[in-house]
Amino acid sequence: MEEKVLEWDYEINGKDFRNAGKVSSKVKEILKELGFDPDFVRRVAIASYEAEMNVVCHAERGVLHLTISPEELRIVVKDKGPGIQDIELAMQEGYSTASPEIREMGFGAGMGLPNIKKNVDKLNIASTVGEGTVVDMLIKPSSIREFG
Amino acid sequence: MKLTRIVEELKLTVKAAQGGLDREVRGGYASDLLSDVMANSREGDIWVTIQGHPNIVAIATLRDLAGIILANGRQPDADTLQRAEEEGVPILCSSLPTFEVVGRLYRLGIYGQG
Ligand SMILES: Nc1ncnc2c1ncn2[C@@H]1O[C@H](COP(=O)(O)OP(=O)(O)O)[C@@H](O)[C@H]1O
Ligand SMILES: [Mg+2]
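Residues numbered from 1 in each chain as written. Chains lettered and ligands numbered in written order. Predicted model: local features only at pLDDT ≥ 70, side-chain atom pairs only at ≥ 80, totals over all residues. Heavy atoms only, no water.

(A) Expanded view of the interface of chain B and chain A. Contacts between the two partners involve 21 residues from chain B, matched on the other side by 24 residues from chain A. Overall, the association of chain B and chain A removes approximately 1,800 Å² of surface from exposure, summing both partners, and the carbon and sulfur fraction of that is 54%. The interface formed by chain B and chain A includes two salt bridges. Put simply, chain B and chain A have 14 residue pairs in polar contact (both at pLDDT 80 or more) between them. (Contact = heavy atoms within 4.5 Å. Buried area = accessible area lost by both parts, 1.4 Å probe. Salt bridge = Lys/Arg side-chain N within 4 Å of Asp/Glu carboxyl O. Polar contact = N/O pair within 3.5 Å; in protein donor to acceptor, adjacent residues only side chain to side chain.)

This is the structure:
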């Protein structure tokens, strides 16, 4: 039998704090509609939000690609921006290069990437300085979910 | 406890989403760091903060929070109010500092984690 896979693409604009978070709200809506359990939805919402906000805070623009299959959910956030020089350092809790203006808004706590790591089953970050960053996240629900 | 009761007891000014005041409040969280709220708040919490920009509405929606109290006389941005109306997230204002707001919530039986 053919496996059903659902896919969506959403654009994210850098520095657009007015609309920041809307893409993750859409992701959450989709998951609720498909009937995923609340704990799974919470994990995805946190990971999606932090990845989206990193594009808003640190990059020029990006795209969030969401794929849902019965066994797993994958979110790939690809951006055009400054890239990350030292990914291991960026993963450390509290490390942030956010500007004072951004910190004043309550962003730049350096908790984004660590929080993503805590909530996903697999995380892969690839980055080229001066070009951009790809954050690839895999999240598995506690039980296989049939849909469609 | 319903949000309406908290509005009355703490004499909060309702700035947006009047229609959402019927919501049950299950607990509370206080922080001005957005990633912290995202990671550590729970569904049904009332969130006390001094951040008034639109992204607080995104957090409340994503975490299913009951509402947001802006402490210390902070006022929400116009964009925040518009987005809060759209998403149905009550924005409530108090002239009291965060510590006082949380103390009064606690006295009403609204607790944090643990
Ligand atoms: N998409 C990105 N593009 C460029 N730099 C990034 C990106 N995501 C994260 N970073 C870098 O990694 C650091 C840590 O990220 P994070 O843990 O989310 O904390 P914060 O966003 O609060 O600074 C950021 O301060 C930034 O230097
Ligand atoms: Mg971040």
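(B) How the structure looks around the nonpolar core. Judged by nonpolar contacts, the single largest core of 59 residues is most densely connected at L64, L73, I75 and M137 of chain A. The element contributing the most residues to this core is helix α2 (residues 38-58) of chain A, with twelve residues. Residues within four places of I75 of chain A in sequence aside, it is in contact with V27, V44, S48, L64, H65, L66, V135, D136 and M137 of chain A. Within the second largest apolar cluster, 17 residues are counted, among which are L12, V25, V48 and I69 of chain B. (Core = buried A, V, L, I, M, F, W, Y, C linked by side-chain atoms within 4.5 Å. Buried < 20%, exposed > 50% of the residue type's maximum accessible area, 1.4 Å probe, protein only. Helix = DSSP H or I, 4+ residues; strand = E, 2+ residues; numbered from the N terminus.)

(C) Looking closely at α2 of chain A. Helix length check: α2 of chain A, at 21 residues, gives a terminal C-alpha distance of 30 Å against a target of 30 Å (1.5 Å per residue), a fit within 8%. For α2 of chain A, the buried fraction is high: 16 of the 21 residues fall into the buried class. (Expected span 1.5 Å × (residues − 1).)

(D) Local environment of the packing of helix α3 (residues 55-62) of chain B against helix α4 (residues 78-87) of chain B. All names here are of chain B. Look at α3 against α4: their axes get within 8 Å of each other, and the N-to-C directions meet at 20°. In terms of orientation, α3 and α4 fall into the roughly parallel class. Read as a crossing pair, α3 and α4 show a hand that is right-handed. Residues I56, V57, A58 and T61 of α3 touch α4, and the partners they reach there are T80, R83, A84 and E87. Counted by class, the contact of α3 with α4 contains four nonpolar, two polar and two charged residues. (Axes fitted to C-alpha atoms, helices over the stretch in contact; angles between N-to-C directions. Parallel < 35°, antiparallel > 145°, perpendicular 65-115°, else oblique. Left-handed = near helix turned anticlockwise from the far one by under 90°. Nonpolar A, V, L, I, M, F, W, Y, C, P; charged D, E, K, R; others polar.)

(E) Summary view of the sheet that holds strand β1 (residues 6-13) of chain A. Residue and element names in this part refer to chain A. Across the sheet, which stays open at both edges, the five strands sit in the order β1-β2-β3-β5-β4 with antiparallel pairing between neighbours. Of all the strands in the sheet, the pair left with one neighbour each is β1 and β4 (122-128). Each neighbouring strand pair of the sheet contributes to a mean axis angle of 10°, computed without reference to strand direction. In the sheet, strand β3 (residues 73-80) pairs with strand β5 (residues 132-139) via eight bridges, with the strands oriented antiparallel. Residue pairing across strands places V76 opposite D136, the latter belonging to β5. (Pairing = 2+ DSSP bridges.)

(F) Examining the layout of surface pockets more closely. What the largest pocket holds in volume is close to 620 Å³. Taken together, 34 residues form the lining of the largest pocket, with N54, H58, I84, T97 and L113 of chain A sitting closest to its centre. Every element with two or more residues in the lining of the largest pocket is listed here: α2, β3, α3 (87-90), α5 (112-119) and β5 of chain A together with α2 (34-40) of chain B. It is α2 of chain A that provides the largest number of residues to the lining of the largest pocket, a total of eight residues. (1 Å grid on protein atoms, 1.4 Å probe; cavity = no way out; pocket = protein on both sides within 12 Å on 5 of 7 lines; lining within 4 Å. Points joined across faces, edges and corners; volume = space filled by probe spheres on them.)

(G) Seen up close, the site of ligand 1. Residue and element names in this part refer to chain A. Taken together, 18 residues lie around ligand 1, and H58, D79, S96, T97 and L113 are the ones closest in. With respect to ligand 1, the side chain of S96 contributes an N or O atom lying 2.5 Å from an oxygen atom. Note that an oxygen atom of ligand 1 is positioned 3.2 Å from one of the backbone N or O atoms of A109. When ligand 1 is considered free in solution it has 530 Å² of accessible area, and contact with the protein chains removes 95% of it. Here ligand 1 occupies the largest pocket. At the level of secondary structure, the elements contributing two or more residues to the shell around ligand 1 comprise α2 and α5. A breakdown of the residues in the shell around ligand 1 according to their chemical character gives eight nonpolar, nine polar and one charged. (Near = heavy atom within 4 Å. Areas by Shrake-Rupley, 256 points an atom, 1.4 Å probe, with all protein chains shown as cover. Sits in = over half its atoms within 2 Å of the grid points.)

(H) Expanded view of the pattern of salt bridges. Taken as a whole and assessed by the stated rule, the structure comprises 13 salt bridges over all chains. A salt bridge links E60 of chain A to K80 of chain A; its shortest N-O distance comes to 3.3 Å. In this pair, E60 of chain A sits in the loop between α2 and β2 (61-68) while K80 of chain A sits in strand β3, placing the two residues 20 residues apart along the sequence. Note on K80 of chain A: relative accessible area 40%, which makes it partly exposed. Measuring nitrogen to oxygen at the nearest pair gives 3.8 Å for the salt bridge that ties E43 of chain B to R26 of chain B. Taken as a pair, E43 of chain B in the loop between α2 and β3 (45-49) and R26 of chain B in the loop between β1 (13-16) and β2 (27-30) lie far apart in primary sequence, 17 residues in all. Classification of E43 of chain B by relative accessible area gives partly exposed; the value is 39%. Overall, the relative accessible area of 62% leaves R26 of chain B in the exposed class.

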